[in-house]
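So the chains spell out like this:
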Amino acid sequence: MNVEDRLSFFAALYRVDKNSDVGMWMLYLTILLLSIVVYKLGFAKKLPLLKSIIIYLFLGFGCTVLTFLGIFLPVAEGLVVAALILIIYKIRLYQSKKEDSTINM
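Quick caveat: nothing in here was measured; it's all calculated off a predicted structure. (Residues numbered from 1 in each chain as written. Predicted model: local features only at pLDDT ≥ 70, side-chain atom pairs only at ≥ 80, totals over all residues. Heavy atoms only, no water.)

### Focus on the overall build of the protein chain
Argument step 1. A count of helical and extended segments in the protein chain gives 4 helices and 0 strands.
Argument step 2. When the helices and strands of the protein chain are listed from N to C terminus, the series reads α-α-α-α.
Argument step 3. Put simply, the protein chain has 105 residues, and 27% of those count as buried.
Argument step 4. A total of about 7900 Å² of accessible surface is found on the protein chain, and carbon and sulfur atoms cover 70% of it.
Argument step 5. Side-chain charges of the protein chain comprise 11 positive and 7 negative groups, with the mean position of each set lying 14 Å from the other. (Helix = DSSP H or I, 4+ residues; strand = E, 2+ residues; numbered from the N terminus. Buried < 20%, exposed > 50% of the residue type's maximum accessible area, 1.4 Å probe, protein only. Areas by Shrake-Rupley, 256 points an atom, 1.4 Å probe, with all protein chains shown as cover. Lys, Arg positive; Asp, Glu negative; His and termini not counted. Charge placed at Lys NZ, Arg CZ, Asp CG, Glu CD.)

If you want it as structure tokens, here you go:
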């Protein structure tokens, strides 16, 4: 069985099997950025600076584990889908609030 056939989309895109150092860092940064976007869109609350730093540190540590899983499993792809769903939700919520404010005037 060929390893290239089992790689997830982003792992194959970054050529993790050929250039493991740069590919793994690119995969890690992709998963980290997508995790931050999903966190900010769906779960973030206004927190003090120190608590926010702690949350982002743990998010970075968690993304390390997700990067190793993301080589063969669609972790980054799932984060892309989650980000798109949350973006659509936020747009619809904004439009709904905008309509409510114009109706109430």
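Here the narrative resumes.
### Side note on unusual backbone geometry
Negative phi is the rule for most residues except glycine; trans is the rule for most peptide bonds.
Argument step 1. Positive phi values are uncommon outside glycine, yet R15 reaches one of about 55°.
Argument step 2. Among the secondary structure elements, R15 is positioned in the loop between α1 (9-13) and α2 (20-42).

### So, the side chain of S8
Argument step 1. Mapped onto the elements, S8 comes out in the segment before α1.
Argument step 2. You can call S8 buried: its relative accessible area is 6%.
Argument step 3. Not counting residues up to four positions away in its chain, the partners in contact with S8 are G70, I71, F72, L73, P74 and E77. (Contact = heavy atoms within 4.5 Å.)

### Observations concerning the packing of aromatic side chains
Argument step 1. One pass over the structure, following the stated rule, counts 5 aromatic pairs.
Argument step 2. Ring geometry for Y39 against Y56: centres 5.7 Å apart, planes inclined by 85°, an arrangement best described as edge-to-face. Placement of Y39 in helix α2 and of Y56 in helix α3 (residues 49-69) is noted, with a sequence separation of 17 residues between them.
Argument step 3. Judged by its relative accessible area of 17%, Y39 falls in the buried class.
Argument step 4. Within the aromatic cluster, the residues linked to one another by ring pairs are F9, F10 and Y14.
Argument step 5. Note that R6 overlies the ring of F72, its terminal NZ or CZ placed 5.5 Å from the centroid. (Phe/Tyr/Trp six-rings, centres within 6.5 Å; stacked < 30°, edge-to-face > 60°. Lys NZ or Arg CZ within 6 Å of the ring centre and 35° of its normal.)

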